[in-house]
Amino acid sequence: MEAMELHVITSTNATNPSTQTLSHLNRVLDSEIDTPKDIPITENAQQGGDKREEERAQYRSREYIQLAALYWCMFLAGWNDGSTGPLLPKIQEVYNVGYIIVSLIFVFACVGFISGACLNVPLSEKLGFGKTIVLGSFLQQTAYALQAPQLPFPVFVMTYTINGIGLALQDAQSNGFVASLKDHAETKMGLLHASYGAGALCAPLVATQFSQMKHWSFYYLVSLSVATINTIVQIAIFRFKTQDDCLAQIGQEPGEKGTSEHSHFRQIMSLKTVHLLAVFILVYVGVEVTVGGWIVTFIQTVRGGGSRSGYISAGFFGGLMIGRVALLWVNQKIGERRVLYIYSALAIGLEVVIWLVPSLIGDGVAIAIVGMLLGPMYPITMNHTGRVLPRWLLTGSIGWIAGFGQAGSAVFPFMTGALASKFGIKSLQPLLVSMMVSMTILWALVPGSPRKSD
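Residues numbered from 1 in each chain as written. Predicted model: local features only at pLDDT ≥ 70, side-chain atom pairs only at ≥ 80, totals over all residues. Heavy atoms only, no water.

1. Here's the deal with the layout of surface pockets
Taken as a whole, the second largest pocket holds about 340 Å³ of empty space. If you go around the second largest pocket, you meet 14 residues; those closest to its centre are Tyr 59, Arg 60, Glu 63, Asp 183 and Ile 250. Residues belonging to the lining of the second largest pocket are distributed by class as follows: four nonpolar, three polar and seven charged. (1 Å grid on protein atoms, 1.4 Å probe; cavity = no way out; pocket = protein on both sides within 12 Å on 5 of 7 lines; lining within 4 Å. Points joined across faces, edges and corners; volume = space filled by probe spheres on them. Nonpolar A, V, L, I, M, F, W, Y, C, P; charged D, E, K, R; others polar.)

2. Brief notes about the side chain of Thr 416
Following the sequence through the fold, Thr 416 ends up in helix H19 (residues 408–423). A polar contact is formed between the side chain of Thr 416 and the backbone oxygen of Phe 412, at a distance of 2.8 Å. In contact with Thr 416, other than residues within four places in its own chain, are Thr 290, Trp 294, Ile 425, Leu 428 and Leu 431. (Helix = DSSP H or I, 4+ residues; strand = E, 2+ residues; numbered from the N terminus. Polar contact = N/O pair within 3.5 Å; in protein donor to acceptor, adjacent residues only side chain to side chain. Contact = heavy atoms within 4.5 Å.)

3. Examining a nonpolar patch on the surface
Taken together, the side chains of Val 353, Trp 355, Leu 356 and Val 357 present a nonpolar region at the surface, about 360 Å² in accessible area. Structurally, Val 353 is set in helix H15 (residues 336–356). (Patch = residues over 30% accessible without salt bridge, like charges linked within 9 Å, V, L, I, M, F, W, Y side chains within 5 Å. Areas by Shrake-Rupley, 256 points an atom, 1.4 Å probe, with all protein chains shown as cover. Salt bridge = Lys/Arg side-chain N within 4 Å of Asp/Glu carboxyl O.)

4. Some words on the packing of aromatic side chains
Scanning the model with the defined rule gives 20 aromatic pairs in all. Consider the rings of Tyr 95 and Phe 156, whose centres lie 5.6 Å apart with planes at 35°: the pair is tilted. Taken together, the residues Tyr 95 in helix H3 (residues 39–95) and Phe 156 in helix H7 (residues 153–179) connect sequence positions 61 residues apart. The residues Tyr 95 and Phe 156 share a single accessibility class, namely buried. Grouped by ring-pair contacts, the aromatic residues Trp 72, Phe 75, Trp 79, Tyr 95, Phe 153, Phe 156, Tyr 160, Phe 210, Trp 216, Tyr 219 and Tyr 220 constitute a single cluster. The ring of Trp 443 carries the charged tip of Arg 337 above its face, separated from the ring centre by 5.4 Å. (Phe/Tyr/Trp six-rings, centres within 6.5 Å; stacked < 30°, edge-to-face > 60°. Buried < 20%, exposed > 50% of the residue type's maximum accessible area, 1.4 Å probe, protein only. Lys NZ or Arg CZ within 6 Å of the ring centre and 35° of its normal.)

5. Overview of unusual backbone geometry
Phi at Gln 150 takes a positive value of approximately 55°, unusual for a residue other than glycine. Judged by relative accessible area, Gln 150 falls into the partly exposed class, the value being 33%. A positive phi angle is found at Arg 239, which is not glycine, with a value near 50°. With respect to the helices and strands, the residue Arg 239 is situated in the loop between helix H9 (219–238) and helix H10 (243–248). For Arg 239, a relative accessible area of 58% gives the class exposed.

6. Examining the nonpolar core
Counting 119 residues, the largest nonpolar core has Ile 91, Phe 156, Tyr 220, Ile 295 and Leu 374 as the members making the most contacts within it. For this core, the element with the most residues is helix H12 (residues 272–301), which contributes 18 residues. Not counting residues within four places of it along the chain, the set of residues in contact with Leu 374 comprises Tyr 284, Val 287, Phe 316, Leu 320, Ala 347, Met 436 and Met 439. (Core = buried A, V, L, I, M, F, W, Y, C linked by side-chain atoms within 4.5 Å.)

7. Remarks on the pattern of salt bridges
Where charged atoms of side chains with opposite charge meet at close range, the side chains can pair. Following the criterion strictly, the structure yields four salt bridges and no others. A salt bridge links Glu 63 to Lys 188; the shortest N-O distance between them is 2.4 Å. Note that Glu 63 is positioned in helix H3 and Lys 188 in helix H8 (residues 185–210), a separation of 125 residues in sequence. Lys 188 gets classed as buried once you look at its relative accessible area, which sits at 10%. One salt bridge in this structure joins Glu 288 and Arg 324, with 3.4 Å as the shortest N-O distance. With Glu 288 in helix H12 and Arg 324 in helix H13 (residues 310–326), this residue pair connects regions lying 36 residues apart in the sequence. We note that Glu 288, like Arg 324, is buried. Each of Glu 186, Glu 336 and Arg 387 takes part in a single network of salt bridges with overlapping partners.

Fair warning: the whole summary comes from geometry, so function is off the table for now.
If you want it as structure tokens, here you go:
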């Protein structure tokens, strides 16, 4: 019996050589793995990983440098917009003009902004990102150089057109570039516009000092210095390169291209969403610059503030800057589209308080909080634009939206001046409340769905 069992086992092993074969292969593979032949392969893989990590670190460093250059560019934009408020009473005094005449500053600036918005698309296609942004900075240099000598009033206001074109070109290129970034674009956009707020905060602090001097127009020499530094920085960092070339330097592939045979300008003008966003930004910028530009006059005339009331304008723009950074987490928690309604409602409530409560200190604090609530709205709009519009039209579309929107910094302050000449500067607050309500309604009309993939 035992012999039969032994025979069966022996026969089974003989008829199943695969078992022995598999065992042999496993032993061979184990021995191969244990040999030092694979050590160079592991080292090569580690070296390859280290090299990729080093490349990513280089890309991040270049991106931070590029963003720093754009942040300085927006600092200049904020510096420009924050200058007008503290200097406006001095300009009226020196040139002996009333509210409506001094408001021509905003009209000529409006012409510049609209012209810059129209020129941005063809200039971007022909010159590219690097050359266009440097051209904008150079135009601002030219404007400040002409404003410093305190030229006759007609020439002085015409320089605001040159300034407006330069500002619109830089605004479009900076926003378009950041909106094209793929990683953490929302945070980077918030920081971009916080830089604007920083410039708008610093400018009134300096302009208020110059407004009390005999040679008040020398303030524009300081502005000229800021613009000159900006031109040098843009040339040194971007070296007149196109946006795709600059993105390639940080490891990002070029954006998608459109297949339409129509020009980019015609495609942009055919998009309803672009025009809704442009009108929204028009009213938003109008509110922002009207508060920053006329609140000093309001505080001095209606609330009896002194010559240092210009610091209230600095408080407003300081709140603007803080809001664009400190409220980033709120935007992400609630959702950028929904949170804008909350900010609008709170800002409207505070404006009603400023309108009805005659308290100098209370008004100053409320104005700063209004600035903080208004601050996130612009970067939220630019982020939303990046989500709902085609990539290949993004820079041109943002250029039109930003440029057309900057016209609000001229239209509504001029309207304020016209109303003030008839009803007094006390008409400022009801105008601001109505503008904020209109702005909220416009945001509700903007589509919330993302763009369709083409």
